[in-house]
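Observations on the model geometry
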Amino acid sequence: MITFDEMKYERPDLDQVQDELSGYVKDLKKAENYSQARDVFLAQDKALRHVATLSTLAQIRHDINTNDAYYKAENEFWLAAAPHLQEQEQAFTDALLVSPFRSDFEKEFGRIVFLNAEIARKAFSADNIPDMQKENQLAQDYENLLASAQVPFEGKTYTLSQMTPFKNDPDDARRLAAWKAEGQWYKDHQPQMDEIYDQLVHLRDAMGRRMGYEGYTTLGYYRMDRNCYTKEDLAKFRDAVAKYVVPVAERVYKAQAERLGVSYPMNFADAALEFRSGNAKPAGSADDIIAAGTKFYDELSPETSEFFHAMKDMKLMNLLSTEGKAGGGYCTDLGDYHMPFIFANFNGTQGDVEVITHEAGHAFEAYLNRSRVPMRTMWPTMEACECHSMSMEFFGQEWADDFFGKDARKYRYSHVAGAIRFIPYGTAVDEFQHEIYAHPELTPRQRHDVWKKLCGKYMPWYRLDGEIPFYSDGEHWQLKHHIYSSPFYYIDYCLAQTVSLQFWAMIQKDEKTAWNTYMAYTEQGGSDTWTNMLKKAGLASPFDGSTLKDICEKAGQYLDTYDLSGIE
């Protein structure tokens, strides 16, 4: 068994890789029968899997330490190489779409391969390669800026992730000071963030127009592989969020303000504290969280037990927050080794447990589907992937006593409340991006004004009075990585949260049935469109008119009647 540190990385010769991939295009076109075409198809998939593994190794090792000069250079190599490799992959896709053996491929590997291929063709133009390279570098510049953050606080300096516990501190003065200190760091570096985003918006708008679209939005949807719903569907979903979710979330925040004894609407510092005695905290160290996670997955199912032990044995989780480490958390896969990898930044908060359930939900799906061919059918589209992760979080609630000890009751309430609170925020992110790319001419100040207006629509519980720099100035959209690096991604979390709350409701009735439904959904990998996979598993689509209304009624009743007696 090989561990992550033992996985060999070596920069490939890009010209040689491109020649190899170009050769597969020629061989596919020359194939005289399906057997020959199939052999080429599988060889090309294996080659892409290897290239992707090398690229991912470089990215992970760079993210673990952004100050590492070697992997910084390797990551920059892959950022520049990616559009050229995409060009070669697109050439193969174009040949596959017109192959005389297309029906044979569809029969063996599924129609989804060709549906997504047709979308990919609409998402790529070789003319955009220079701009794609610049786009990659700008997004990396943003990530590097945040990773370099050193926030002065109480005589020391901290990374953004390390500031999180202070921002949740039960002491009102200390918590407010932490928010102000972090907000000031963002404010001080806002000119750089504004400039990066301004360049990204104009760059993306130009790429869309170069391909004959109205701007970036249509291209952005194709790049997100939207294959079963439209902009109009999402607009209706956003309307439903405003109608059904925002009122429930507002009740949650008003109850919180009453518990804390503060005025409503709240400032950001007060909104971050759910209970006067402090937010739910994991019971113990990072090792204790891993131990509780091991117990959870051992007891949940044989499949999850096997998966989590493999992750631990191969050291495929890097979890602690360290200086120079990139922010956030993610799951990715290492195709050559048929294993996923989890990257995170533990900071002693409730979010640490959610990493072990959320990112491990992604990883479990990848593990279950690790042998799928072609490689691109291992994962479904992103909103479908987020269902695996967000729903796994709710299965973890039954083990809250192991993760949180005396704070387990706090966590169970907070987790459901957090799901409801999140959807309006994520929906605001989506509407913000639609506005920005519809009006690329907006100045940085005008973009901030758009966000501030959306806060009033979707998050009326925040007091935007300028007390806390950056945050209460209506500018905190800039801390959301997805807005910079993955436009139009964030609504996927909201759609998936809607599905995860269906699982939560099922778990309340019958955990075994809920788990069987989860497996029925997850085992499909990326074999179909998201809405079809939901239907096959017996789940309701978020686009159905009654779905949000139904889950809001159930979650609202649960939260309104939750027993918080004895919790200060």
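Note that the coordinates shown come from a computational prediction; the quantities given were computed from them, not determined experimentally.

Enumeration according to the criterion identifies 38 salt bridges in this entry. The residue Lys-536 makes a salt bridge to Asp-528 at a minimum N-O spacing of 2.7 Å. Its relative accessible area of 57% is what places Lys-536 among the exposed residues. The buried category is assigned to Asp-528, whose relative accessible area is 18%. Overlapping salt bridges, with partners in common, bring together Lys-187, Arg-445, Asp-449, Asp-473 and Glu-475 in one network.

So, about unusual backbone geometry. The omega angle of the peptide bond from Tyr-264 to Pro-265 is 0°, so this bond is cis rather than trans. Within the secondary structure layout, Pro-265 lies in the loop between α11 (231–260) and α12 (268–271). With an omega of 0°, the peptide bond between Val-373 and Pro-374 qualifies as cis. Its location among the elements puts Pro-374 in the loop between α15 (350–368) and α16 (382–395).

Turning our eyes to something else, we now look at the packing of helix α18 (residues 408–438) against helix α24 (residues 547–560). α24 packs onto α18 with a crossing angle of 140° between their chain directions and a minimal axis gap of 10 Å. The two elements α18 and α24 meet at a crossing, and its hand is left-handed. Along its contact with α18, which presents Arg-412, Tyr-413, Val-416, Ala-417 and Ile-420, the element α24 presents Ala-555, Tyr-558 and Leu-559. For the contact of α18 with α24, the residue count by class is seven nonpolar, no polar and one charged.

The next point concerns the sheet that holds strand β3 (residues 317–320). Ordered in space as β3-β5-β4, the three strands form an open sheet in which the pairing is mixed. Among the strands making up the open sheet, the edge pair consists of β3 and β4 (330–334). Pairs of neighbouring strands in the sheet enclose a mean axial angle of 15°, with direction left out of account. Bridge analysis of β4 against strand β5 (residues 339–346) gives five bridges, and the strand direction is antiparallel. Paired with Cys-331 across the strands is Ile-342, a residue of β5. Contacting β3, β4 and β5, α15 crosses the sheet at an angle of about 165° to β5.

Taking 1.5 Å as the rise per residue, helix α1 (residues 14–30) with 17 residues should run 24 Å; its terminal C-alpha atoms sit 25 Å apart, in good agreement. Of the residues making up α1, those classed as buried are Leu-14, Val-17, Gln-18, Leu-21, Tyr-24, Val-25 and Leu-28. The buried residues of α1 occupy an angular sector of 115° when projected down its axis, which confines them to one face. For α1, the exposed residues set more than 90 degrees away from the buried face come down to Asp-15, Gln-16, Asp-19, Lys-26 and Lys-30. Those residues of α1 hidden inside the fold are in contact with α2 (34–64), α3 (69–97) and α4 (102–109). Capping the start of α1 is the job of one residue whose side-chain oxygen sits 3.0 Å from the backbone nitrogen of Asp-15: Asp-13.

Right, let's talk about the UniProt feature "domain: Peptidase M3A/M3B catalytic" (unreviewed entry) in the chain for a bit. UniProt annotation of "domain: Peptidase M3A/M3B catalytic" (unreviewed entry) refers to residues 318–547 when read in the numbering used here. Each end of residues 318–547 is marked by a C-alpha atom, and these two atoms are 37 Å apart; helix forms 56% of the span and strand 7%.

Counting residues in each nonpolar core, the largest one holds 199 residues, and the members touching the most others are Phe-105 and Phe-395. Each residue touching Phe-395, except ones within four places of it in the same chain, is listed here: Phe-296, Leu-300, Phe-503, Ile-507, Glu-511, Ala-514, Trp-515 and Tyr-518.

A word on helix α9 (residues 190–210). If you check α9, its first and last C-alpha atoms are 30 Å apart, about what 21 residues at 1.5 Å a residue would give, namely 30 Å. The positive-phi residue at the C-terminal boundary of α9 is Gly-212, with phi of around 90°.

Another aspect to go through is the packing of helix α6 (residues 129–147) against α9. Running from amino to carboxyl end, α6 crosses α9 at an angle of 160°, the nearest separation of the two axes being 10 Å. Between α6 and α9, the angle is such that the two are roughly antiparallel. Along this stretch, α6 crosses α9, giving a crossing that reads as left-handed. Note on element contacts: α9 touches α6 through Gln-192, Met-193, Ile-196, Gln-199, Leu-200, Leu-203, Arg-204, Met-207 and Arg-210, opposite Asp-131, Met-132, Lys-134, Glu-135, Leu-138, Ala-139, Asp-141, Tyr-142, Leu-145 and Leu-146. Residues belonging to the contact of α6 with α9 are distributed by class as follows: eleven nonpolar, two polar and six charged.

Parameters and conventions
- Residues numbered from 1 in each chain as written.
- Predicted model: local features only at pLDDT ≥ 70, side-chain atom pairs only at ≥ 80, totals over all residues.
- Heavy atoms only, no water.
- Salt bridge = Lys/Arg side-chain N within 4 Å of Asp/Glu carboxyl O.
- Buried < 20%, exposed > 50% of the residue type's maximum accessible area, 1.4 Å probe, protein only.
- Helix = DSSP H or I, 4+ residues; strand = E, 2+ residues; numbered from the N terminus.
- Axes fitted to C-alpha atoms, helices over the stretch in contact; angles between N-to-C directions.
- Left-handed = near helix turned anticlockwise from the far one by under 90°.
- Contact = heavy atoms within 4.5 Å.
- Nonpolar A, V, L, I, M, F, W, Y, C, P; charged D, E, K, R; others polar.
- Pairing = 2+ DSSP bridges.
- Expected span 1.5 Å × (residues − 1).
- Arc of directions from axis to C-beta.
- Polar contact = N/O pair within 3.5 Å; in protein donor to acceptor, adjacent residues only side chain to side chain.
- UniProt positions renumbered as here; feature names shortened; annotations may be inferred.
- Core = buried A, V, L, I, M, F, W, Y, C linked by side-chain atoms within 4.5 Å.
- Parallel < 35°, antiparallel > 145°, perpendicular 65-115°, else oblique.

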